[in-house]
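# An overview of the molecular structure
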Amino acid sequence: MGKIMILSKQEQSILISTYTTVMLHANTITEQFYQNLFEALPEVEPLFTKDMRQQRKMFTEIVRLSISSVDRLNRIEKQLRHLGEKHTAVGIKPEYYPVLRDAWLQAMADDMGDAFTADVRQAWSNLFDIISSMMLGER
Ligand code: HEM
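Attention in this report is confined to the structure presented alongside it. (Residues numbered from 1 in each chain as written. Predicted model: local features only at pLDDT ≥ 70, side-chain atom pairs only at ≥ 80, totals over all residues.)

### Some points on the overall build of the chain
Check the secondary structure of the chain and you find 6 helices and 0 strands. For the chain, the succession of helices and strands along the chain, N to C, is α-α-α-α-α-α. Compactness check: the chain gives a C-alpha radius of gyration of 14 Å against a globular reference of 14 Å for 139 residues, within 12% of the reference. Dimensions along the principal axes, computed over C-alpha positions, put the chain at roughly 40 × 35 × 25 Å. Evaluated residue by residue, the chain yields a buried proportion of 22% over its 139 residues. Taking all contacts inside the chain whose residues are at least 6 apart in sequence as the whole, residues at least 24 apart take part in 83%. (Helix = DSSP H or I, 4+ residues; strand = E, 2+ residues; numbered from the N terminus. Rg over C-alpha atoms; globule rule 2.2 N^0.38 Å. Buried ≥ 20, exposed ≤ 12 C-beta atoms within 10 Å, placed from the backbone. Contact = placed C-beta atoms within 7 Å.)

This is how it looks when you write it as structure tokens:
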């Protein structure tokens, strides 16, 4: 209800242009991201069974996929829903998703400094909310 499921053209172009930074700094950002996540939700850390290097790659791949479909996220909805079902099965609760989003935004903010403007934050926040809604089957 009232969930934003579409990104404006301006948000799409912000996402595409800032994604370059995310890719160039993928290691730093994803390491910081998981550190932020585990600080906020220590109970989920033991749920990660893979090597964290591998995990960071898999997470980054979903970000890449989302950006590549940013003008029509419905194209990847099925895949995200399947990913979400896997999450539910290992005990990931819906209320964790906004915590993960904020852990990501903070990692980007730390890396980008002043380049992480309010508009950039909003665009990435909306993207993560849409991905989360699709993973949780909230349609
Ligand atoms: C934007 C939302 C999210 C994305 C894109 C995402 C992405 C991924 C991906 C790609 C994997 C690997 C799946 C596989 O092995 O096939 C994964 C695993 C995992 N995710 Fe997420 N995730 C999200 C949200 C969350 C949240 C909110 C949590 C908990 C705070 C979480 C915790 C985990 C855990 C514990 C695993 C590893 C499970 C295992 O090792 O068996 N994820 N995630």
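### Focus on helix H2 (residues 26-40)
For H2, built from 15 residues, the straight-helix expectation of 21 Å at 1.5 Å per residue is met to within 8% by its first-to-last C-alpha distance of 21 Å. Within H2 the residues assigned to the buried category are Ile29, Thr30, Phe33, Tyr34 and Leu37. In an axial view of H2, the angular spread of the buried residues amounts to 125 degrees, which keeps them on one side of the axis. Exposed residues lying more than 90 degrees from the buried face of H2 are Asn27, Thr28 and Glu39. (Expected span 1.5 Å × (residues − 1). Arc of directions from axis to C-beta.)

### A look at the site of the ligand
Close to the ligand lie 21 residues; Leu47, Thr49, Ile62, Tyr96 and Leu100 are nearest. When contributions to the shell around the ligand are tallied by element, the ones reaching two or more residues are helix H3 (52-68), helix H4 (77-89), helix H5 (96-112) and helix H6 (118-135). The dominant element in the shell around the ligand, judged by the number of residues it contributes, is H6, at 4 residues. Of the residues that constitute the shell around the ligand, the class distribution is 16 nonpolar, 3 polar and 2 charged. (Near = placed C-beta within 6 Å. Nonpolar A, V, L, I, M, F, W, Y, C, P; charged D, E, K, R; others polar.)

The analysis is restricted to geometry; functional conclusions fall outside its scope.
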